[in-house]
Amino acid sequence: MKSHARVVVIGGGVVGCSVLYHLTKFGWTDVVLVERSELTSGSTWHAAGGMHTINGDPNVAKLQKYTVELYKEIEEYSGQDIGLHMTSGLMLAATTERFDWMKSLLAKGKYAGGEATLISAEEAYEMMPLLDPKQFVGAVFDPHEGHLDPYGTTHAYAKSAKKNGAEIYLHTKVEDLVQLEDGTWRVITDKGEIRAEHVVNAAGLWAREVGRMVGLELPVLAMEHMYLITEDMPEVVEFNQSRGKELMHCVDFDGEIYIRQERNGMLMGTYEKDCRPWSPIETPWTFGHELLAEDLERITNELEIGFRHFPAFNNAGIKKIINGPFTFSPDGNPLVGPVRGMTNFWSACAVMAGFSQGGGVGLALANWIIEGDPGFDVFAMDVCRYGDYATLGYTNAKVRENYSRRFSIRYPNEELPGGRPLLTTPIYDKLKSAGAVFGASYGLETPLWFAPEGVEDKFSWRRSTDFEAVGAEAKAVRASVGLMETSGFAKYSVGGEGARDWLDRMLACKIPDMGRMVLAPMLKDDGKLIGDFTLANLDDEEFLIIGSGIAEDYHMRWFESHLPEDGSVEINPLNLGLVGLSIAGPKAREVLQKLTHLDLSDAAFPFMDIREMDLGMAPAIVGRVSYTGDLGYELWMRPEYQRYLFDALMEAGAEFGITLFGLRALNALRLEKSFGSWSREYRPLYGPYEAGLGRFVSLKKEADFIGKAAAALEKAEGGTMRLCTFLIEARDADVIGDEPISFNGEVRGWVTSGGYAHGSGVSVALGYVPKEIANELEGWSIELLGEMLTAKLQPQPLFDANGSRMRS
């Protein structure tokens, strides 16, 4: 065994071997993989081996496409047969709601060059005669689906990596991980010790245990997963002989099953409602090439639907039942990337769709380790998308919910109940009694809208029961004044003698004077956006940063990795130690003025000012800014003062008809101003000039901020894309994101977010298109639920185009 290595990968499943291979492919050959048993000994060996390229997140879909396209390469390079069967596949819809979902999913892939097509149930029957076309409304045909041999594929990655210089140590159990002061790792095994620069946790079923070696509790849980293999079926043999090919892979979402051919029979697997976690507290190290007890009774309901949808199964005998554990994260996506607070400790686990995503995960992580960047926007898979709230109990609740709903429709306005409520603010009960319908964001209960008595949130692809209420909230803000809770934003305090200089290097904006705020883009070395914030200078040695709540750990990882070693800067996430309220609308100043003797006139307290003041009896930080684009104020206070301030504001606003509003009304209001949001308009895919944030980038400042050279080049050359606003001739539904944008009939861009702008009475989409056509007013269309809707470019904000309302 080597005593030193640049990278040690822990875990010999398909993901670990993919990471190892990609590291060597990019030139890092001093790498090793350690596996406690044999390769594939965890979940990999009993996987069904299915693969597909379609995913609801287009960025994840790109990595899946890469994975599938990689298989022929590693098979040829390694000389290892991977049992590749590119059969194509069907995604079946038994309801009109499911068919609408498929139309949306299909549209998302169009600008990425997806080749899937929408077909009728009868056309699906012609392709797959085992199904009953009367049970279905329609289907999606995808030519890039199939299955493979999990054993052969994993060994193909491994052999390719070894051919490139990697070493693999089997029957070598990692017993402890210790990081030394110089940042290197002692990887302590039962066969000896390896000193490594980087450690990758690709331990699969044992990822929790490996994480615990370094004091980390990863949000991952194994679930029992069953599939059955039939005896030989004459229908299968006849199809093979008459068509000269295999039966294709099928996913029957409404039956919660998937099927594919297995030799002369069929394989049928389920994602059952009556699901079972496996070993929820600790995975035994002695578990290996074993299966769990058969439990067909638990999947009876799913099998009954499957046999009805695919009648040939009624006459088939069952040859084998496979029940084995697979690991899942709370949302079903992998946990990939560097772990916050640790040096060179990497996660590559919870990849339950290993043969669809394993290649892409290996590619992204190898890029990340070698280049410092994954090369893609992988936020949907980033291990830092979860915070400390994702405890063992939370993970158990959310994984069970996700597993049981894996094939269920998730409507755009649907909020799932698992693991809730968890985090709440001091005014949670007051908001709830006022009719608040909550969503969970980063574990926190956040008001989405306020339902009138007797009105419930009905889930739909189209405008639903919240439409009128949300409209009333938005219109109330524009007409008078509204109040919303903003505790879900991320808040960071930055202090120390080096704080100003450090922020000058971290952020692309000019650092504001004391008592002022500024919008602050944050860039990577390549000039792409890694954050957008409000930066407030409280007293030249204390700064407050406000950002997206869902990205708190993501941004803290970036901040902490760039802190100076001399201790001159301290940054702390304030979490719910600082909570917030916001008031907005033309009467907002009059409401706030009732709570203070200080002059709040525009001359005394202008737009983007911030200061500490008492409101009534409570101390608060007050900033004159509002994401609504209207006159408004953000108020930040310690949690013990929030109830008092909430009541005081509601009392002060009573004469103006102050109205509570939630995130859905805020979305409608910010669309009228063409304001973007993090993870939609602002993400590592785009530069600041492409995203319309160029005016906040200070290329003239002396500080050599991160990404400055790339930003200067983008400004000079103009980048390639532009964020634009479109008005859509929609009827009963609005875009939500990732819909294709066409110009003169050709797909040229994509929607990042959208909705109905109630104040202006129009349907709005924000999205990116090539800069060459970004000034064209006509010729646009946007696909929504299978229909091409006429759109028109909106060059100026719909509301208050010159910004006079928020600045007056």
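Our structure's up above, just so we're on the same page.
Residues numbered from 1 in each chain as written. Predicted model: local features only at pLDDT ≥ 70, side-chain atom pairs only at ≥ 80, totals over all residues. Heavy atoms only, no water.

Caption draft 1: Local environment of the overall build of the protein. The helix and strand tally for the protein stands at 19 helices and 38 strands. For the protein, the C-alpha radius of gyration of 27 Å lies close to 28 Å, the compact-globule estimate for 808 residues. Principal-axis analysis of the C-alpha atoms places the extent of the protein at approximately 85 × 65 × 50 Å. Here the protein holds 808 residues, and the buried ones make up 62% of them. On the protein, roughly 30500 Å² of surface is accessible, and the fraction owed to carbon and sulfur atoms is 49%. One way to put it: in the protein the 78 positive side-chain charges average out to a point 2 Å from where the 114 negative ones average out. (Helix = DSSP H or I, 4+ residues; strand = E, 2+ residues; numbered from the N terminus. Rg over C-alpha atoms; globule rule 2.2 N^0.38 Å. Buried < 20%, exposed > 50% of the residue type's maximum accessible area, 1.4 Å probe, protein only. Areas by Shrake-Rupley, 256 points an atom, 1.4 Å probe, with all protein chains shown as cover. Lys, Arg positive; Asp, Glu negative; His and termini not counted. Charge placed at Lys NZ, Arg CZ, Asp CG, Glu CD.)

Caption draft 2: Here's a closer look at the environment of Met248. Locating Met248 in the fold gives a position in the loop between α7 (234-243) and β13 (249-252). Overall, the relative accessible area of 6% leaves Met248 in the buried class.

Caption draft 3: Quick peek at the packing of aromatic side chains. Summed over all chains, the structure comprises 32 aromatic pairs. What links up through ring pairs into an aromatic cluster is the set Trp101, Phe253, Tyr258, Tyr271, Phe328, Tyr403 and Phe407. The cationic tip of Lys163 hangs over the ring face of Tyr77; the distance from NZ or CZ to the ring centre is 4.2 Å. The ring of Trp285 is capped by Lys173, whose NZ or CZ atom sits 4.5 Å from the centre of that ring. (Phe/Tyr/Trp six-rings, centres within 6.5 Å; stacked < 30°, edge-to-face > 60°. Lys NZ or Arg CZ within 6 Å of the ring centre and 35° of its normal.)

Caption draft 4: Looking closely at the sheet that holds strand β31 (residues 632-637). The six strands are arranged β29-β30-β31-β28-β22-β32 in an open sheet whose pairing can be described as mixed. Looking at strand neighbours, the two that pair on one side only are β29 (610-615) and β32 (659-660), the edges of this open sheet. With three bridges joining them, strand β30 (residues 618-623) and β31 adopt antiparallel strand pairing. Among the inter-strand pairings, Val622 is bridged to a residue of β31, identified as Leu635. Strands β22 (482-485), β28 (579-584), β29, β30, β31 and β32 of the sheet are contacted by helix α16 (residues 642-652), whose axis makes an angle of about 10 degrees with β28. (Pairing = 2+ DSSP bridges. Contact = heavy atoms within 4.5 Å. Axes fitted to C-alpha atoms, helices over the stretch in contact; angles between N-to-C directions.)

Caption draft 5: Region of the structure containing a negative patch on the surface. Among the surface-exposed residues, Glu497, Asp539, Glu541, Glu542, Glu565, Asp566 and Glu612 lie close enough to one another that they form a single negatively charged patch. Along the polypeptide, Glu542 turns up in strand β26 (residues 542-547). On the basis of relative accessibility, which here comes to 35%, the residue Glu542 falls in the partly exposed class. (Patch = residues over 30% accessible without salt bridge, like charges linked within 9 Å, V, L, I, M, F, W, Y side chains within 5 Å. Salt bridge = Lys/Arg side-chain N within 4 Å of Asp/Glu carboxyl O.)

Caption draft 6: Structural context of the nonpolar core. Ranked by size, the top nonpolar core spans 98 residues in total, and within it Val9, Leu23, Val200, Leu365, Phe726, Trp780 and Ile782 carry the most contacts. The biggest single contributor to this core is helix α9 (residues 354-371), with eight residues. Membership of the second largest hydrophobic core comes to 44 residues, among which are Ala551, Trp678, Ala691 and Ala711. (Core = buried A, V, L, I, M, F, W, Y, C linked by side-chain atoms within 4.5 Å.)

Caption draft 7: Fine view of the sheet that holds strand β35 (residues 746-757). Strand order around the closed barrel formed by six strands is β33-β36-β35-β34-β37-β38, with antiparallel pairing between neighbours. Between one strand axis and the next, the sheet turns by 40 degrees as a mean value, whatever way the strands run. As judged from the three bridges shared by strand β33 (residues 721-728) and strand β38 (residues 787-793), these two strands associate in the antiparallel manner. Bridge pairing links Leu727 to Lys792 in β38.

Caption draft 8: Broad picture of helix α10 (residues 392-404). Its 13 residues give α10 an end-to-end C-alpha distance of 18 Å, which sits within 8% of 18 Å, the value for a rise of 1.5 Å per residue. Most of α10 sits inside the fold, with ten of its 13 residues counted as buried. Three or more residues of α10 are buried, namely Tyr394, Thr395, Asn396, Ala397, Lys398, Val399, Glu401, Asn402, Tyr403 and Ser404. Those residues of α10 hidden inside the fold are in contact with β12 (221-230), β15 (265-270), β16 (277-278) and β17 (318-328). (Expected span 1.5 Å × (residues − 1).)

Caption draft 9: Helix α18 (residues 708-717), seen in detail. Within α18 the residues assigned to the buried category are Lys708, Ala711 and Glu714. End-on view of α18: buried residues confined to an arc of 120 degrees, all on one side of the axis. Summarising the geometry of α18, the exposed residues directed more than 90 degrees from the buried face are Ala709, Ala716 and Glu717. Along its buried surface, α18 packs onto β24 (517-523). Backbone geometry just downstream of α18 places Gly718 in the positive-phi region, at approximately 90 degrees. (Arc of directions from axis to C-beta.)

Caption draft 10: Just the layout of surface pockets, in detail. If you add up the space inside the second largest pocket, you get close to 890 Å³. Along the walls of the second largest pocket sit 31 residues, with Pro338, Trp368, Gly372, Trp558 and Ser561 positioned nearest its centre. Elements with a minimum of two residues in the lining of the second largest pocket: α9 and α14 (552-561). Here the lining of the second largest pocket is composed, by residue class, of 15 nonpolar, six polar and ten charged. (1 Å grid on protein atoms, 1.4 Å probe; cavity = no way out; pocket = protein on both sides within 12 Å on 5 of 7 lines; lining within 4 Å. Points joined across faces, edges and corners; volume = space filled by probe spheres on them. Nonpolar A, V, L, I, M, F, W, Y, C, P; charged D, E, K, R; others polar.)

Caption draft 11: Structural context of the packing of helix α5 (residues 150-163) against α9. Contact geometry for α5 and α9: axes closest at 12 Å, N-to-C directions at 5 degrees. When the axis of α5 is compared with that of α9, the two are roughly parallel. Contact residues: Pro150, Thr153, Thr154 and Tyr157 in α5; Phe355, Gly358 and Gly359 in α9. Its residues assigned to classes, the contact of α5 with α9 comprises three nonpolar, four polar and no charged. (Parallel < 35°, antiparallel > 145°, perpendicular 65-115°, else oblique.)

Caption draft 12: Quick peek at the pattern of salt bridges. Counted under the stated rule, the structure contains 49 salt bridges. The shortest N-O distance in the salt bridge between Glu783 and Lys110 comes to 2.8 Å. You can see Glu783 sitting in strand β37 (residues 780-784) and its partner Lys110 sitting in the loop between α3 (96-108) and β5 (117-120), a full 673 residues away along the chain. The class for Lys110 is partly exposed, based on a relative accessible area of 39%.

Caption draft 13: How the structure looks around the environment of Ser404. Position of Ser404 relative to the elements: it lies in helix α10. Linking Ser404 and Glu256, residues 148 residues apart in sequence, is a C-alpha distance of 9.0 Å. With residues near it in sequence (within four places) discarded, Ser404 still touches Glu256, Tyr271, Glu272, Lys273 and Cys275. Among the polar contacts listed, one links the side chain of Ser404 to the backbone oxygen of Glu401, at a separation of 2.9 Å. (Polar contact = N/O pair within 3.5 Å; in protein donor to acceptor, adjacent residues only side chain to side chain.)

Functional significance is not addressed by these values, which are geometric in nature.
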